[in-house]
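Structural features, examined
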Amino acid sequence: MTYLPAGLPAPVTETDRLDLPYWEGTRQGVLKVQRCGACNTWQWGPEWLCHHCRSWDMRWVAVEGRGRIWTWTRCWHPVHPALRNHGPYIAVLVELPHAGNVRMLGNLLGDPRQEVTIGAPVVAVFEPHDDTAAPYTLVQWRIERSAI
Amino acid sequence: MTSEMRSLRGKVAIVGIGETTYYKHGQSPEPEFKLALMAILAAAEDAGIDPRDIDSFASYSNDRNDPSRLAAALGTQELRLSNMQWGGGGGGGAAAVGNAAAAIVTGQADIVVVYRALAQGQFQRFGRAAAGGTVAGDNALINPYGIFVPAQRYALKFMRYMHEHGIGREAMRAIAMASYHHAQSNPRAVMHGRPLTEEMYDASRWIAEPYRLFDCCQENDGAAALILVAAERAKDFRHKPAYVLAVAQGSDHRNAARSFNAPDFASSSFGPVAPHLWEMAKLGPEDVDVLQSYENFTGGVLMSMVEHGFFEPEQANEFLTLDNLLVPAGKLPLNTSGGNLAECYMHGLELQIEAVRQIRGQSTAQVPDAHVGCVIAGPMVTPVSTMIVGSQETL
């Protein structure tokens, strides 16, 4: 069971393979982002060089799947054919304080009509999509109850 | 410091404006290329020039109408500048004017048309995603979560901004209502005859929170064009010239960092751009008589106005009342033709045209004695752009 219905575009690795470690990681339940080997700057999304010191030594580091909601939207209007008659869904932009406050997008699991609070703690949930030609795993988020 | 030599101030004038009829998306009876030609001919007629004398073309937002084909179709005597501003959306509307003006000042062009044409029935709509397939790169980190279109992407920016600055819904509503109000006196406006009330706004459906239907621009078919010449020739044309006092383009630090990682993500992208505008214009926000500010979404207008210095974020709720935004007596009349929300979403080029009309004294919602007009092109994208036009008296 996935949060959004089947039929949305499937993510694939870029032809230049820049983001391959990220997508390989999610398949294994590991969340990876970039960190500079020269100056330790965290970087997300992936890029070939460090935006802080221009080093090419960008490394892929596993990070704990925890963060807090930095911003969000609840989408009502179905902009994609797969979302017709689906109803509202929530997208959250989550920042990872233990990884330089990099941000990543996901859906907020649970009731799509729930109240959403900026700053709320969330934990990552790996959502496999196995029934496609090229299986992939998305990183979703749910409210971390124990922290409240 | 921008030196006198490195300034556009007063060196170029807009002497012709032209538009086609504006249609709801998909309803143009004419194909897009023909719309472009019609707007260019209308602008030439307005300027009182032979369309074959237009030697240069400038556009933005990946406009599909290639200057070489336009020149062949128009019988252009000599093609000089063919210029395209990078970046999607309406962010390049003022930059296209700036690029054209720069070409004139540096001797690369004499008569430039800035144009934009859209026929979304013929091509894909902006507000709808294509079905199926795969996505890579930045979109792979976004689209699988159901985030595709500008309304959703820019909802994320403004939701955060509202949180940080305590912005109320009434401020957004006032922006929407100002556009609809002004459209009621503009027979060209697609929403002419369809006024918006507070109740209609409040009851309208959500698109992507915090945006309701009336916070979002229309999608339209049509075309618009402006003709620019060097200031020393400006009085040889049919109408009172509108002089370009300043143009600035760009965006803030690492604006396009993937996966919404721009450091100043909750912004309209004008932070470092607007100061260049005021410096070149030798004016400040307090000097602006009338403002055209691109409404992709009401929240973008609000952030654009803050970043241009019209008010502080904490003053937004107080400043953005309907009365303050209306012609003739408002503190800062906004989007006097109806703008993207209610006149036509011509990717903002209709806003440039309206700014010229205000300087000429020909608007259907005329600001008395308008000498300085500011036009802010599409916010929240990268790069963005912005410009100031002025009357002869401002030179």
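Just so it is clear, the model here is predicted, and its values are computed rather than measured.

1. Concerning the overall build of chain B
Summing up its helical and strand segments, chain B has 11 helices and 13 strands in all. Over its C-alpha atoms chain B spans a radius of gyration of 20 Å, differing by no more than 12% from the 21 Å that the globule rule assigns to 395 residues. Counting across all 395 residues of chain B, residues that qualify as buried make up 61%. Of all intrachain contacts in chain B linking residues separated by at least 6 positions in sequence, the fraction that spans at least 24 positions is 79%.

2. Re the overall build of chain A
When helices and strands are tallied, chain A shows one helix and nine strands. For chain A, the succession of helices and strands along the chain, N to C, is β-α-β-β-β-β-β-β-β-β. Taking 148 residues into account, the globule formula puts the C-alpha radius of gyration at 15 Å, and chain A, at 16 Å, falls close to it. In chain A, 52% of the contacts between residues at least 6 apart in sequence involve partners at least 24 apart.

3. Details of the domain arrangement of chain A
Residue and element names in this part refer to chain A. Under the domain assignment used here, chain A contains domain 1 (15-63) and domain 2 (65-148). Look at where the C-alpha atoms of domain 1 and domain 2 centre, and you get two points 21 Å apart. Taken residue by residue, the interface counts 11 residues in domain 1 and 12 residues in domain 2. Secondary-structure elements contributing two or more residues to the side of domain 1 that touches domain 2 are helix 1 (20-27), strand 2 (31-36) and strand 3 (42-43).

4. Some remarks on the packing of helix 4 (residues 150-165) of chain B against helix 8 (residues 298-307) of chain B
All names here are of chain B. One way to put it is that helix 4 packs onto helix 8 with a least axis distance of 9 Å and a crossing angle of 55 degrees. Considering the angle they form, helix 4 stands oblique to helix 8. With respect to the hand of their crossing, helix 4 and helix 8 are arranged in left-handed fashion. Packed against helix 4, whose contacting residues are Tyr154, Phe158 and Tyr161, the element helix 8 presents Gly299, Gly300 and Met303 at the interface.

5. A few points about the interface of chain A and chain B
On the chain B side, the residues contacting the 35 residues of chain A number 37 residues. For the side of chain A that touches chain B, the secondary-structure elements that each account for two or more residues are strand 1 (10-11), strand 5 (66-75), strand 6 (89-96) and strand 7 (102-107) of chain A. Each residue belonging to the side of chain A that touches chain B can be placed in one class, and the counts come to 22 nonpolar, 10 polar and three charged. The pairing of strand 1 of chain A with strand 6 (residues 134-135) of chain B spans two bridges and is classified as parallel. Bridged to Pro11(A) within strand 6 of chain B is Val135(B).

6. Remarks on the nonpolar core
Ranked by internal contacts, the top residues of the largest apolar core, which has 176 residues, are Ile227(B), Leu228(B), Val244(B) and Val389(B). Counting contributing residues, this core receives three or more from each of domain 1 (15-63) and domain 2 (65-148) of chain A. Non-local contacts of Leu228(B), meaning those with residues more than four positions away in its chain, are made with Val12(B), Ala13(B), Ile14(B), Val97(B), Ala100(B), Ala101(B), Ile104(B), Val112(B) and Val114(B).

7. Points about the confidence of the model for chain B
For chain B, mean pLDDT is 96; residues scoring 70 or higher make up 98% of the total. Overall fold confidence (pTM) sits at 0.97, and the ipTM for the predicted complex is 0.98.

8. Side note on the sheet that holds strand 2 of chain A
All names here are of chain A. Strand order across the open sheet formed by three strands is 3-2-4, with antiparallel pairing between neighbours. Unpaired on one side and paired on the other, strand 3 and strand 4 (58-63) mark the two borders of the sheet. Here strand 2 pairs with strand 3 via two bridges, running antiparallel. Residue pairing across strands places Arg35 opposite Trp42, the latter belonging to strand 3.

9. Topic: the environment of Asn83(B)
The topology assignment puts Asn83(B) in strand 4 (residues 82-85). The exposure class of Asn83(B) is buried, given the 20 C-beta atoms found within 10 Å.

10. Describing unusual backbone geometry
Along the chain, Trp44(A) connects to Gly45(A) via a cis peptide bond; the corresponding omega equals -5 degrees. Positionally, Gly45(A) belongs in the loop between strand 3 and strand 4. For the bond running from Val327(B) to Pro328(B), omega is 0 degrees, close enough to zero to count as cis. Here Pro328(B) is to be found in the loop between helix 9 (316-319) and helix 10 (339-343). A positive phi angle, close to 80 degrees, is found at Ser269(B), a residue other than glycine. Relative to the helices and strands, Ser269(B) resides in the loop between strand 10 (242-250) and helix 7 (273-281). With a phi close to 50 degrees, His347(B) is a non-glycine residue in the positive phi region. Turning to its location among the elements, His347(B) is positioned in the loop between helix 10 and helix 11 (349-360).

11. Description of helix 1 of chain A
All names here are of chain A. Turning to helix 1, its buried residues number three or more, namely Pro21, Tyr22 and Thr26. On an axial view of helix 1, the arc spanned by its buried residues comes to 130 degrees, and they lie on one face. Check the buried side of helix 1 and you find it contacts strand 2, strand 4, strand 8 (121-129) and strand 9 (136-143). Downstream of helix 1 by a residue or two, Gly29 has a phi angle that is positive, lying close to 75 degrees.

12. Quick word on the pairing of strand 5 (residues 112-118) of chain B
Of all the seven residues making up strand 5 of chain B, seven are buried; the element is thus mostly covered by neighbouring parts of the structure. Neither face of strand 5 of chain B is left uncovered, since the one carrying Val112(B), Val114(B), Arg116(B) and Leu118(B) and the one carrying Val113(B), Tyr115(B) and Ala117(B) both have all their residues buried.

13. Some thoughts on helix 1 (residues 32-47) of chain B
Residues and elements named next belong to chain B. If you check helix 1, its first and last C-alpha atoms are 23 Å apart, about what 16 residues at 1.5 Å a residue would give, namely 22 Å. The set of residues buried in helix 1 consists of Glu32, Leu35, Ala36, Leu37, Ala39, Ile40, Ala43, Ala44, Asp46 and Ala47. Close packing links the buried residues of helix 1 with strand 1 (12-19), helix 2 (67-74), strand 5 and strand 9 (220-230). Looking one or two residues past helix 1, Gly48 carries a phi angle of roughly 80 degrees, positive in sign.

14. Let's talk about the environment of Gly87(B)
All names here are of chain B. Positionally, Gly87 belongs in the loop between strand 4 and helix 3 (93-105). In this structure the C-alpha to C-alpha distance between Gly87 and Ser251, which are 164 residues apart in sequence, comes to 11 Å. Among residues more than four places away in sequence, those in contact with Gly87 are Gly92, Val381, Thr382 and Pro383.

15. Remarks on the packing of helix 1 of chain B against helix 2 of chain B
Residues and elements named next belong to chain B. It is the contact of helix 1 with helix 2, at a shortest axis distance of 11 Å, that shows an interaxial angle of 60 degrees. Every pair of crossing elements has a handedness; the one defined by helix 1 and helix 2 is right-handed. On helix 2, the residues that touch Ala36, Leu37 and Ile40 of helix 1 are Leu70, Ala73 and Leu74. Across the contact of helix 1 with helix 2, the residue classes break down as six nonpolar, no polar and no charged.

Cut-offs applied
- Residues numbered from 1 in each chain as written.
- Chains lettered and ligands numbered in written order.
- Predicted model: local features only at pLDDT ≥ 70, side-chain atom pairs only at ≥ 80, totals over all residues.
- Helix = DSSP H or I, 4+ residues; strand = E, 2+ residues; numbered from the N terminus.
- Rg over C-alpha atoms; globule rule 2.2 N^0.38 Å.
- Buried ≥ 20, exposed ≤ 12 C-beta atoms within 10 Å, placed from the backbone.
- Contact = placed C-beta atoms within 7 Å.
- Domains from an automatic or database assignment.
- Axes fitted to C-alpha atoms, helices over the stretch in contact; angles between N-to-C directions.
- Parallel < 35°, antiparallel > 145°, perpendicular 65-115°, else oblique.
- Left-handed = near helix turned anticlockwise from the far one by under 90°.
- Nonpolar A, V, L, I, M, F, W, Y, C, P; charged D, E, K, R; others polar.
- Pairing = 2+ DSSP bridges.
- Core = buried A, V, L, I, M, F, W, Y, C linked by C-beta atoms within 7 Å.
- pLDDT = per-residue confidence, 0-100.
- Arc of directions from axis to C-beta.
- Expected span 1.5 Å × (residues − 1).

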